Amino acid sequence: VAPAAAILNGQQGPYTYVVNADMKAEMRKVVTGQTVDGFTVVQEGLKPDEKVVTEGQLRLTDGATVTIATDEPKGESPAA
């Protein structure tokens, strides 16, 4: 399964962006099943534990560098 926000629909059908080991986006066609509670069953096209992009896909192209967002604001350390 993958977050439903990661699955996009294009002219060629459903696809997602996978983040590879070099932190580059790789567009990948997928075959999907049901969506339940914000998660979509991916029947083909993804391997377990692959990271998918869930935000900012409209600005991505195949091979673009990806930054993984964190909840911690930049320049601030966690409260003690």
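What comes next is a walk through the structure. Keep in mind that this is a model prediction, so the values were computed, not measured.

Observations concerning the nonpolar core
The biggest cluster of nonpolar side chains holds 9 residues, and these are Leu8, Tyr15, Tyr17, Val19, Ala25, Val53, Leu60, Ala64 and Val66. Per element, the largest residue contribution to this core is 3 residues, and it comes from strand S3 (residues 13–19). In contact with Leu8, other than residues within four places in its own chain, are Gly13, Pro14, Tyr15, Tyr17 and Gln57.

What to know about the pairing of S3
Burial of S3 is extensive: 5 of the 7 residues sit out of reach of the surface. Both strand S2 (residues 8–10) and S3 contribute to a ladder of 3 bridges, which runs antiparallel. Bridge pairing in S3 places Gly10 opposite Gly13. Connecting S2 to the antiparallel partner S3 that follows it, the hairpin turn spans 2 residues. Summarising the sheet, S3 and strand S4 (residues 25–29) pair through 5 bridges and their orientation is antiparallel. Looking at S4, one finds that Tyr15 is bridged to Lys29. Here S3 folds back onto S4 in antiparallel fashion, the turn holding 5 residues, of which Met23 has a positive phi close to 60°. Where S3 and strand S7 (residues 51–52) come together, 2 bridges link them in antiparallel fashion.

Quick notes on the packing of aromatic side chains
The full count for this structure, using the stated rule, is 1 aromatic pair. Relative to Tyr17, the ring of Tyr15 has its centre 6.0 Å away and its plane inclined at 85°; by these criteria the two rings are edge-to-face. Taking the relative accessible area as the measure of exposure, Tyr17 reaches 6% and is therefore buried.

Focus on the environment of Leu60
Relative to the helices and strands, Leu60 is located in the segment after S7. Accessibility expressed as a relative area gives 15% for Leu60, which makes it buried. Separated by 33 residues in sequence, Leu60 and Met27 place their C-alpha atoms 9.1 Å apart. When sequence neighbours within four positions are dropped, the list of residues in contact with Leu60 reads Tyr17, Ala25, Val53 and Val66.

Rules behind the numbers
Residues numbered from 1 in each chain as written. Predicted model: local features only at pLDDT ≥ 70, side-chain atom pairs only at ≥ 80, totals over all residues. Heavy atoms only, no water. Core = buried A, V, L, I, M, F, W, Y, C linked by side-chain atoms within 4.5 Å. Buried < 20%, exposed > 50% of the residue type's maximum accessible area, 1.4 Å probe, protein only. Helix = DSSP H or I, 4+ residues; strand = E, 2+ residues; numbered from the N terminus. Contact = heavy atoms within 4.5 Å. Pairing = 2+ DSSP bridges. Phe/Tyr/Trp six-rings, centres within 6.5 Å; stacked < 30°, edge-to-face > 60°.

It is worth stressing that arrangement in space is one thing and function is another; only the former is reported here.
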